[in-house]
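Results of the structural survey
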Amino acid sequence: MSKTVAATPDPENGSKQGPKSSKLRDGVMKRGTTWYYVIRVKDPETGESKPKWVGGFATEDDAKAARDEARVKARRGEYVDRKAITVGEYLDEWIEAHAVEIKPKTLKDYRDIINRYVKPHIGGQKLQAVRPATITKLYRDLMAGGGKNGRKLSARTIDYVHAVLRKAFRDAVEIDQVLPSNPVERAKRPRRTPTEPGTVWNPEQLRAFLAIARRHRLFAFFHLAAYTGARRGELLNLRWSSVDLDTCEITITGSAAFIDGERIEGTTKTGRTRVVSIDPGTVAVLKEHRKKQAADKLLAGNEWRGADDHVFTTGWGDPIHPDTVSSLMPILIKSHNAPKDGPEPVEPLPRARLHDLRHMHATTLLLAGVPVHVVAARLGHVDPSITLRVYAHVIRAAEASAADIFARAMGQ
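Notes on the structure follow.

What counts, and at which threshold
Throughout, a residue's number is its position along its own chain's written sequence, starting from 1. With pLDDT at 70 or above as the cut-off, local features in this predicted model cover only qualifying residues; side-chain atom pairs require 80 or more to be listed or tallied, and sums for whole chains, interfaces and linings still use all residues. In computing side-chain properties, one takes all heavy atoms of the structure into account and sets aside hydrogens as well as water. Helix and strand labels come from DSSP, where a helix needs a run of H or I of at least four residues and a strand needs a run of E of at least two; each type is numbered from the N terminus. Only protein chains enter the accessibility calculation, which uses a 1.4 Å probe; a residue is then buried when its area is under 20% of its type maximum, exposed when over 50%, and partly exposed in between. Here, two residues are considered to be in contact whenever any of their heavy atoms come within 4.5 Å of each other. Here the Shrake-Rupley method, with its probe set to 1.4 Å, supplies the accessible areas, and only the displayed protein chains count as covering residues. The criterion is simple. A nonpolar core is a set of buried Ala, Val, Leu, Ile, Met, Phe, Trp, Tyr and Cys residues joined through side-chain atoms within 4.5 Å. Pairing between two strands requires that DSSP report at least two bridges joining them. Every angle, taken between N-to-C directions, lies between 0 and 180 degrees, and every axis is a line fitted to C-alpha atoms, over only the stretch in contact when it is a helix. Two N or O atoms count as a polar contact when they lie within 3.5 Å, although within protein this holds only if one can serve as hydrogen donor and the other as acceptor, and sequence-adjacent residues are included solely when both atoms are side-chain atoms. Take a side-chain nitrogen of Lys or Arg and a carboxyl oxygen of Asp or Glu: if they are within 4 Å of each other, that pair is a salt bridge. Pairing of aromatic rings covers Phe, Tyr and Trp, the last counted by its six-membered ring, and requires centre-to-centre distances within 6.5 Å; plane angles under 30 degrees mean stacked, over 60 mean edge-to-face, and any other angle means tilted.

**Notes on the overall build of the chain**
Summing up its helical and strand segments, the chain has 15 helices and 10 strands in all. Counting over 412 residues, the chain shows a buried share of 40%. Considering only contacts in the chain between residues 6 or more positions apart, those separated by 24 or more positions represent 56%. Carbon and sulfur atoms make up 51% of the accessible area of the chain, which totals about 23,800 Å².

**Comments concerning the nonpolar core**
Counting 41 residues, the largest nonpolar core has W201, F209, F221, F222, F312, M329 and L357 as its most contacted members. Mapped by element, the contributors of at least two residues to this core are α6 (203-213), α7 (219-228), α8 (232-236), β7 (249-252), α9 (280-300), α10 (322-337) and α11 (355-367). Among the elements that line this core, the one with the most residues is α7, at seven residues. Beyond its immediate stretch of four places on either side in the chain, F312 contacts A220, F221, L224, L235, L236, H289, Q293, D318, P319 and I320. Membership of the second largest hydrophobic core comes to 32 residues, among which are V87, Y110, I113 and I122.

**Structural notes on the sheet that holds strand β4 (residues 34-42)**
The antiparallel open sheet is built from three strands, whose spatial order is β3-β4-β5. The open sheet is flanked by β3 (28-31) and β5 (49-57), the only strands paired with a single partner. When the angles between neighbouring strand axes are averaged without regard to direction, this sheet yields 35°. Taken together, the seven bridges between β4 and β5 define a ladder with antiparallel strand orientation. By the bridge assignment for β5, W35 is matched with F57. In this fold helix α1 (residues 60-76) packs onto β3, β4 and β5, with an angle of close to 10° to the strand it touches most, β4.

**Quick look at the side chain of T228**
Relative to the assigned elements, T228 resides in helix α7. Given a relative accessible area of 1%, T228 falls into the buried group. Side-chain polar atoms of T228 contact the backbone oxygen of L224, separated by 2.6 Å. Within the structure, the side chain of T228 is placed 3.2 Å from the backbone nitrogen of A230, a separation counted as a polar contact. Residue contacts for T228: discarding those within four places in its chain leaves L235, I250, V276, I278, H361 and R378.

**Considering the pairing of β3**
Bridge count between β3 and β4: four bridges; the pairing is antiparallel. Its bridge partner lying in β4, R31 is registered against T34. Connecting β3 to the antiparallel partner β4 that follows it, the hairpin turn spans two residues, and G32 within it adopts a positive phi of roughly 70°.

**Remarks on the pattern of salt bridges**
A side chain with one charge may pair with a side chain of the opposite charge, provided their charged atoms come close. Tallied over the entire structure, the rule returns 18 salt bridges. Residue D92 pairs with K119 through a salt bridge whose shortest N-O separation is 2.6 Å. Of this pair, D92 sits in helix α2 (residues 87-97) while K119 sits in helix α3 (residues 104-122), placing them 27 residues apart in sequence. Its salt-bridge partner being D159, residue R189 comes within 3.3 Å of it at the nearest N-O pair. Taken together, the residues span a long stretch of sequence, with R189 in the loop between α5 (155-174) and α6 and D159 in helix α5 at a distance of 30 residues. The structure contains a network of salt bridges with shared partners spanning D26, R67, D68 and R71.

**Notes on the sheet that holds β7**
The strand order across the open sheet built from three strands is β6-β7-β10, with neighbouring strands paired in antiparallel fashion. The open sheet has two edge strands with one neighbour each: β6 (243-244) and β10 (274-277). Looking at chain direction, β7 and β10 are connected through four bridges and run antiparallel. Across the sheet, the residue bridging to E249 is S277, located in β10.

**A closer look at the packing of aromatic side chains**
The geometry of an aromatic ring pair is captured by the separation of the ring centres together with the interplanar angle, meaning the angle of the planes. For the structure shown, the criterion picks out five aromatic pairs. The interplanar angle of 80° and the centroid separation of 5.6 Å between the aromatic rings of F209 and F222 together place this pair among those described as edge-to-face. Of this pair, F209 sits in helix α6 while F222 sits in helix α7; the two residues are 13 residues apart in sequence, bridging distant segments of the chain. For the pair shown, F209 and F222 are each scored as buried.

Encoded structure:
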C-alpha cells in the first residue's frame, strides 16, 4: 500500500523541505534524479527508533536492494549509519592516514592507482552506496579501456587496483567503521592466465652480454645483478661497508628509488636484511670495480661528491639513478647484436629487461637442483611459496625428469 507524503524529511539536511508531490512506496522514493530509501534504526544508547534516510541510488531497484540489506542489518543490530563521504574523498583521507607506515615508493604507486584508475570512474559515488557489482563493473570498464588513450588494461594491473581497494575498504570496515562489510571482497575480477617470467637467457647468452658490458664502467653492476639475483634498488643502495670480500658475502640492507625527482632510500621490499654469498669470480669483479672507483675519486679530487660509501656511483661520486642502469641494458644488447666495428653475431641476444637477470639467476639455480628455500632466501622472498608460484614452470620442468633420476639411482 502506497502512501503520499506531503512533506518528507530532506535526506541531505534533515529538514522538512522535501518535494510535496513525492510518493513514498514501502520505504523507497525518488527525489530529483536519484532514489532514496528510509528505514527505522534503534539508537543503541537511547533505545529510541529513528528514521534513517539514504540516497544517491541511480535506479529504484538499486535503492530497494540496499533497503532490504539495511533492514536485515538493522534487525541484527549491525546497521552502520551512512555518511555522505564519497569514494574519492575517503581514499584521499585513507592514503594520507597511512602515509607514515607505507614505503614512499609504495605510497606513490597507491596514489597513482587511485588517481588514474579509481577516481575517474567511481570517485564521485557515495562510499556506502558501493556494492560488489560496482567494483566488478569498474574492473570490466578498466579492462575494456582504462589505460592511456583508451587502451585496454592488463589483468595484472587490475590485480593492483583490486589490492589497493581491498586494503582501503577493509579499513573502512574494521578501523573507520563506516561500512558494515567489504564489497571489494565479493567483487569479481577478470580471469587471468598465469604468466611466466619474461625472456630468460641461457648461460651462453649471459656470458655474451657480460662480455659486451665489460667495456662499460658499470659492468660490475650487471655482473652482480646476474650472479646474486638482487633487485635493482637493492644494488643501488649497496655500500662497501656491506660487502665482505674476505668471506665472499654481501649484505642487502635496503633499497633505493627516485620519487618525483628525489632519491629515496628505505628498507628492502620485505623489510628484511639478508646475506647473499658471492663466488670468487664476483669477488674479483668487485675488487676491480673498487680500484676504478678509487681512480675516479682521485681524478675528481675536491669535486668528488660521494659521501655515503655507495658501491655504484657516477664518475663524480653521485649515486646511480635507477633509470640509468635500466636504459643501459637495451643499449648494451644492441651494441652486441649490431656492432659498429665487426660482424654481427650468428645468434643475436633476445630482448631482455634488467629484471630478467634476476629471473635468469633463479631459473638457473632451480634447474640445477638448488632447493627452493635456498633460492627464495637469495632472492629475498619472504616465503618459498612465492618462489614456487613465480617459477612454477621451472619447477614443472625439473619434476618431469624426477622419475628418471630416481630410476637411475635405483640402478634401473
